[in-house]
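A structural walkthrough
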Amino acid sequence: MVFRKLPGVSASGMGLRLSQKFVFLIFLSGLVTLCFGALFFLPDSVRLKRIFLSKTETQPVTVGSGSGSENDAREHLKRPKEQDHPRAMTSTKGDTSTKLKSLSRKPAVSREATEERLAGGRAQEDLTLSRSKTESATVPDSDANWDTFSYDKFRRCLLKPPLGRDGGRPSDPKTTERRDKVKEMMKFAWDNYKRYAWGKNELRPLTRNGHIGNMFGECGLRGASIIDSLDTLYIMGLMDEYNDAKQWVQSSLDLNSNGEASLFEVNIRYVGGLLSAYYLTGEELFKTKAVELGEKLLPAFNTPTGIPRGVINLGSGTSWSWGWASAGSSILAEFGTLHLEFVHLTELSSNPIYTEKVMNIRKLLNKIEKPHGLYPNFLSPVSGNWVQHHVSIGGLGDSFYEYLIKSYLMSDKTDDDAKMMYYSALEAIEANLVQKSPGGLTYMAEWRGGILDHKMGHLACFSGGMIGIGADDGAPEKRQHYLDLAAEITHTCHESYTRSATKLGPEAFRFDSGAEATATRLSDRYYILRPEVIESYMYMWRLTHDPKYREWGWEAVEALEEHCRVESGFSGIRDVYTMTVSHDNMQQSFFLSETLKYLYLLFSDDDLLPLEDWVFNTEAHPLPIIPANTDVKGC
């Protein structure tokens, strides 16, 4: 049978007959099928899939664009880019009169020396998990070769064992006795929680039952006190209690709850608590749960600007703004307090989407105009504009500023964008909010459209420690100034304690109408076991070793024991100015996570969770500094 020649094919033999083409096409299709079958089904093909698929299936996040559907977010596999900027230089030391201790990481030491130091710690070796190699807090280059996360390598990169040579035990008997007392308080609080509220979020010590709480929804997450306590129990050496908590996480922590939850609270308490438990112990269970929960938070970012809404249903992925938030806005302290945890989620999952989400927030904040350089507390997730010009270093704003300086420190001082944002904000705060009372007390006022409200909240008392840990990396000529400012604010917050009958500080105190560091409104007189003042004591002790900070901390211990300890736990009180105490019947989870942990660290040697290796998230969960310029062979 003879086929007719196709048009355009010469008779000289340069063309192919149809039968030959048919055979050739069959051969070619078979070859393509074989190649793609190898690509998708042979072992170790994940990286090849990403090379071919990432450019077509994903799009970079840009300011002002939507972030895609929930499924798009969870399946986002675009590889990040490497850093363009070199590792930041260690800041110049001040003169010899400066009492500030440097927080800069020391030069890398040999692997043998590091392993020798780790011999005194509780390192769990030979645990290799999946990790991305991110060299700073910004989104790296998509051509980078990501290596897997090695827990063994991570421990070698630490400058010191996390728990010190002897668990941070101080050398002098007096301090040891005080630390042991704090440990006893933790065991007492935990034992009563376990006895009366196990699996619930918090203990009601007077009625001896559990509390669920609306921040996690009536049908939301459970066990907040358990997750918040994991690292505290571990560093205190309460191993039976820690193992009970770990077993509950393994058997009972349900992340598929179908109720409303605060994005902010879930991130700082649950994600932060699980991450720190993983980094301290190497238990893969905690890493797996943290990444799983992180994925469930991503739909909250599905807004026109990428600014997340404050409330999310973890089961359905639906998100919305708080009903009390002005004009459906998102809160600065909520969407600005994600960076530390999300960068570590990228580290552990090798998925850059977490870092991209928080970097997108940064881009928008850098783009929009800030009144007098200040960051108002309410921002529309739809328009990306400020909703009200209310500025506070206390509630609604506080931890946004904390996470700027801590992002810089956690990046091994390579995140120059965070550094710039922090010191610019601090300059604006000093120029507009920092005030001096007639009695000589330095405080942070609130700013409402240009009018100062001379009130400082207990929540704002964290700022003494924040300014202290940032003093070493500002302009060299301002190092001592920042350290002095940190000490003055911490002193003012201590005064708010000493001027009350119970020696515990109120929720907010004022500096007007003749009042100084005193609550003048009945609604501000309560104390709910908050940690912020003690947090600043701990940081200022670490930075200066001035013994007054330990004395102030012990005053707080005595006051807690006298006024907040009840038969079945610890409770907040309704009025710090009366010795006839009325308890609020709530043992907050942050009392176990923050207040008692900061007290324990205050009375421990500095090698327990040293600041050269660790930063604390706003719930006091320690997260490791990510070393710059490491290689796959180790530090």
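Residues numbered from 1 in each chain as written. Predicted model: local features only at pLDDT ≥ 70, side-chain atom pairs only at ≥ 80, totals over all residues. Heavy atoms only, no water.

1. So, unusual backbone geometry
A positive phi angle, near 65 degrees, is found at Ser350, a position not held by glycine. With respect to the helices, strands and loops of the structure, Ser350 is situated in the loop between helix 12 (339–349) and helix 13 (353–367). At Ala620, a residue that is not glycine, the phi angle is positive and equals roughly 70 degrees. Counting through the fold element by element, Ala620 comes out in the loop between strand 18 (614–616) and strand 19 (622–624). (Helix = DSSP H or I, 4+ residues; strand = E, 2+ residues; numbered from the N terminus.)

2. Looking at the state of the cysteines
Applying the stated criterion to the full structure yields 1 disulfide. Disulfide pairing is shown between Cys461 and Cys493; the S-S distance is 2.1 Å. One disulfide, between Cys461 and Cys493, carries an S-S torsion of -95 degrees and so falls in the left-handed class. With Cys461 in the loop between strand 14 (455–457) and helix 16 (463–470) and Cys493 in helix 17 (residues 479–498), this pair connects stretches of sequence that are 32 residues apart. The class for Cys461 is buried, based on a relative accessible area of 0%. (Disulfide = S-S within 2.5 Å. Buried < 20%, exposed > 50% of the residue type's maximum accessible area, 1.4 Å probe, protein only.)

3. Some thoughts on the pattern of salt bridges
The tally for this structure, following the rule as stated, stands at 33 salt bridges. Put simply, Lys194 and Asp244 hold a salt bridge, and the shortest N to O gap is 2.6 Å. On the criterion of sequence distance, the pair formed by Lys194 in helix 6 (residues 173–197) and Asp244 in helix 8 (residues 239–252) is long-range, its members being 50 residues apart. Lys194 sits in the partly exposed class, given a relative accessible area of 35%. In this structure, the salt-bridge partner of Arg525 is Asp575, at a minimum N-O distance of 3.6 Å. Of this pair, Arg525 sits in the loop between strand 15 (508–510) and helix 18 (532–544) while Asp575 sits in the loop between strand 17 (569–570) and helix 20 (589–602), placing them 50 residues apart in sequence. (Salt bridge = Lys/Arg side-chain N within 4 Å of Asp/Glu carboxyl O.)

4. Quick notes on the UniProt feature "binding site: Ca(2+)" (unreviewed entry) in the protein
As recorded in UniProt, the feature "binding site: Ca(2+)" (unreviewed entry) lies at Thr618. Mapped onto the elements, Thr618 comes out in the loop between strand 18 and strand 19. Taking the relative accessible area as the measure of exposure, Thr618 reaches 16% and is therefore buried. Within the structure, the side chain of Thr618 is placed 2.9 Å from the side chain of Glu402, a separation counted as a polar contact. (UniProt positions renumbered as here; feature names shortened; annotations may be inferred. Polar contact = N/O pair within 3.5 Å; in protein donor to acceptor, adjacent residues only side chain to side chain.)

5. Notes on the packing of aromatic side chains
Applying the stated rule across the entire model yields 32 aromatic pairs. Seen from their ring centres, Trp190 and Trp198 are 5.6 Å apart, and the 90 degrees between their planes marks the pair as edge-to-face. The exposure class assigned to Trp198 is partly exposed, which follows from its relative accessible area of 30%. Taken together, Phe149, Tyr151, Phe154, Tyr278, Tyr279 and Trp614 form an aromatic cluster joined through their ring pairs. One Lys or Arg, Lys194, reaches over the ring of Trp198 and ends 5.9 Å from the middle of that ring. (Phe/Tyr/Trp six-rings, centres within 6.5 Å; stacked < 30°, edge-to-face > 60°. Lys NZ or Arg CZ within 6 Å of the ring centre and 35° of its normal.)

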